[in-house]
Amino acid sequence: MEVNISGISFDDIDQILAIENKINKFPWSRANFLSSINAGHKALALKFNDSIIGYTFFYIVDTDAHLLNISIKRSFQKQGMGKKLLTHVIGYAKLSGATMMFLEVAVSNLNAIAFYEKLGFIGDSYRYNYYGTKDKEDAFLMSLRGF
Ligand SMILES: CC(C)(COP(=O)(O)OP(=O)(O)OC[C@H]1O[C@@H](n2cnc3c(N)ncnc32)[C@H](O)[C@@H]1OP(=O)(O)O)[C@@H](O)C(=O)NCCC(=O)NCCS
């Protein structure tokens, strides 16, 4: 499948929100996406036929890269698209001088945990009550080192 990766602009947020609200248990709001862009985080879209089918948000401080969000539209999942996007992010982080990447994932999100493990991430610890406001859920903290 011919896909490409490009930067995200404010005009892309509607398309991204439509995907986000369908696939994430704790979806980012429009305000979350806007503040991430405004904070200068790196935001990339994976496109097929000019439509967004996936996206990722991350930032790098010194040698540490923090993956904030990676999502693939449901109809494109399990076809190697997440791997393609995350491999790109890891390559970008490496070129930028990062030596490790970390992320939080909801403890119930076994699909994503399996995905990250396939990419070489290991579990480090937990962040208690990290997600949600009323129904809270712990985050599993995972990292990838030595790339
Ligand atoms: C997690 C997510 C990004 C994975 O993307 P994807 O495109 O479906 O994953 P890929 O097809 O690239 O899979 C890459 C590897 O992970 C494995 N994997 C992916 N989903 C898996 C699952 N549900 N169970 C077990 N393994 C899985 C694949 O088997 C594949 O292994 P391989 O390289 O040996 O074939 C995607 O499912 C998603 O967007 N989920 C909803 C949003 C989300 O939870 N994001 C993470 C929040 S922290």
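Residues numbered from 1 in each chain as written. Predicted model: local features only at pLDDT ≥ 70, side-chain atom pairs only at ≥ 80, totals over all residues. Heavy atoms only, no water.

Caption draft 1: A look at the nonpolar core. If you look at the biggest cluster of nonpolar residues, it comprises 28 residues, and the most contacted ones within it are Leu67, Leu86, Met101, Val105, Tyr116, Phe121 and Met142. For this core, the secondary-structure elements that each account for two or more residues are strand E2 (42-48), strand E3 (51-61), strand E4 (64-72), helix H3 (81-95), strand E5 (100-106), helix H4 (110-118) and strand E7 (137-145). It is H3 that contributes the most residues to this core, 6 residues altogether. Grouped together as the second largest cluster of nonpolar side chains are 13 residues, Ile16, Leu17, Ile19 and Tyr55 included. (Core = buried A, V, L, I, M, F, W, Y, C linked by side-chain atoms within 4.5 Å. Buried < 20%, exposed > 50% of the residue type's maximum accessible area, 1.4 Å probe, protein only. Helix = DSSP H or I, 4+ residues; strand = E, 2+ residues; numbered from the N terminus.)

Caption draft 2: Spatial organisation of unusual backbone geometry. Notably, Asn49 is not glycine yet its phi reads approximately 50 degrees, a positive angle. Turning to its location among the elements, Asn49 is positioned in the loop between E2 and E3. Given a relative accessible area of 62%, Asn49 falls into the exposed group. One non-glycine residue, Asp50, lies in the positive phi region at around 70 degrees. Mapping Asp50 onto the fold places it in the loop between E2 and E3.

Caption draft 3: Examining H3 more closely. Between its terminal C-alpha atoms H3 stretches 21 Å, which fits the 21 Å expected from 15 residues at 1.5 Å a residue. Along H3, the residues that are buried comprise Met81, Gly82, Leu85, Leu86, Val89, Ile90 and Ala93. For H3, the buried positions fall inside an angular range of 165 degrees around the axis, keeping them on one side. Exposed residues lying more than 90 degrees from the buried face of H3 are Lys83, Lys94 and Leu95. Within two residues after H3, Gly97 carries a phi angle of roughly 100 degrees, on the positive side. (Expected span 1.5 Å × (residues − 1). Arc of directions from axis to C-beta.)

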